[in-house]
Amino acid sequence: MQPLIDNARTFGQRPEEFAELAAGQSPQVLFITCSDSRVVPALITGARPGQLFELRTAGNIVPPYDPARPTGEAATVEYAVQVLGVRHVVVCGHSHCGAVGALVRGDDLDAVPAVRDWLAGATPPPTGPAEDPCVAEGVQSHVLTQLLRLRSYPCVARGLADGTVSLHGWYYEVHTGAVLAHRPRTDTFTAL
């Protein structure tokens, strides 16, 4: 913890670098990814403050849109698209994902009921070889499921229909740093 505290103390000693951020934000990308500490969107993309609007959830799950039961995730997507006017939405899964791995393996999660219930929202459950520690196939299919879910959000559906929003599926390899993007034409994930 101490190195983090030390950096936080010196971080604010460069106010000129951050003054313009007080005027507001205008990110072009909503970046939806896992809350895993090994996945750092700004590091992966090279983004500076104000360039990415982030939504991080266990397993980068986008819950189904339900106007009768709003979620923080739905509010974040709606705000990004409707208010901030983001033009791109990236769903980025990653290798060695504990959440997707638990689903692929069918782990017993009764000891962590909140995690169990959250992951139950990942329907259909991702599939792939249970013995693969990277869970690449499971994560990639899971990313595609989340992209389909996003299409059911009214603000995203409108943006897709009028061409103001584009959806992107990414797979980040924790062990190599490589990023693969889904190519709809071939239905494959290939290097960016």
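Please refer to the structure higher up on the page.
Residues numbered from 1 in each chain as written. Predicted model: local features only at pLDDT ≥ 70, side-chain atom pairs only at ≥ 80, totals over all residues. Heavy atoms only, no water.

As for the pattern of salt bridges
For step 1, the next point in the chain: Tallied over the entire structure, the rule returns four salt bridges.
For step 2, the next point in the chain: The salt bridge partner of Arg116 is Asp110, with a shortest N-O separation of 3.1 Å.
For step 3, the next point in the chain: In this structure Arg116 comes out as partly exposed when scored by relative accessible area, which is 29%.
For step 4, the next point in the chain: A single salt-bridge network, built from bridges that share partners, covers Asp110, Arg116 and Asp117. (Salt bridge = Lys/Arg side-chain N within 4 Å of Asp/Glu carboxyl O. Buried < 20%, exposed > 50% of the residue type's maximum accessible area, 1.4 Å probe, protein only.)

Comments concerning the nonpolar core
For step 1, the next point in the chain: Ranked by size, the top nonpolar core spans 37 residues in total, and within it Leu30, Ile32, Val77, Val89, Val139, Leu150 and Val156 carry the most contacts.
For step 2, the next point in the chain: Of all elements in the fold, only β1 (29–34), β2 (52–57), α4 (72–83), β3 (88–94), α5 (98–105), α7 (136–151), α8 (154–162) and β4 (166–172) reach the threshold of two or more residues within this core.
For step 3, the next point in the chain: Residues Phe31, Val39, Leu52 and Val90 belong to the second largest nonpolar core, which totals 11 residues. (Core = buried A, V, L, I, M, F, W, Y, C linked by side-chain atoms within 4.5 Å. Helix = DSSP H or I, 4+ residues; strand = E, 2+ residues; numbered from the N terminus.)

Things to note about the sheet that holds β2
For step 1, the next point in the chain: Taken together, six strands build an open sheet; the order of strands is β2-β1-β3-β4-β5-β6 and the sheet is mixed. Taken across any chain shown, the strands that pair with only one partner, and hence form the sheet edges, are β2 and β6 (188–191). Strand-to-strand, the axes of this sheet are offset by a mean angle of 30°, without reference to chain direction.
For step 2, the next point in the chain: The pairing of strand β5 (residues 179–183) with β6 spans four bridges and is antiparallel. Along β6, the bridge assignment pairs Ala181 with Thr190. (Pairing = 2+ DSSP bridges. Axes fitted to C-alpha atoms, helices over the stretch in contact; angles between N-to-C directions.)

Quick notes on the environment of Ala42
For step 1, the next point in the chain: Along the chain, Ala42 turns up in helix α3 (residues 41–45).
For step 2, the next point in the chain: In this structure the C-alpha to C-alpha distance between Ala42 and Gly163, which are 121 residues apart in sequence, comes to 26 Å.
For step 3, the next point in the chain: Excluding its chain neighbours within four sequence positions, the residues that come into contact with Ala42 are Ala47 and Leu52. (Contact = heavy atoms within 4.5 Å.)

Quick look at the layout of surface pockets
For step 1, the next point in the chain: In this model, the largest pocket occupies a volume close to 220 Å³.
For step 2, the next point in the chain: Considering the residues around the largest pocket, the lining is formed by Leu144, Leu147, Arg151, Leu167, His168, Gly169, Trp170, Ala181, His182, Arg183 and Pro184.
For step 3, the next point in the chain: At the level of elements, α7, β4 and β5 are the ones that each hand at least two residues to the lining of the largest pocket.
For step 4, the next point in the chain: The dominant element in the lining of the largest pocket, judged by the number of residues it contributes, is β4, at four residues.
For step 5, the next point in the chain: Across the lining of the largest pocket, the residue classes break down as six nonpolar, three polar and two charged. (1 Å grid on protein atoms, 1.4 Å probe; cavity = no way out; pocket = protein on both sides within 12 Å on 5 of 7 lines; lining within 4 Å. Points joined across faces, edges and corners; volume = space filled by probe spheres on them. Nonpolar A, V, L, I, M, F, W, Y, C, P; charged D, E, K, R; others polar.)

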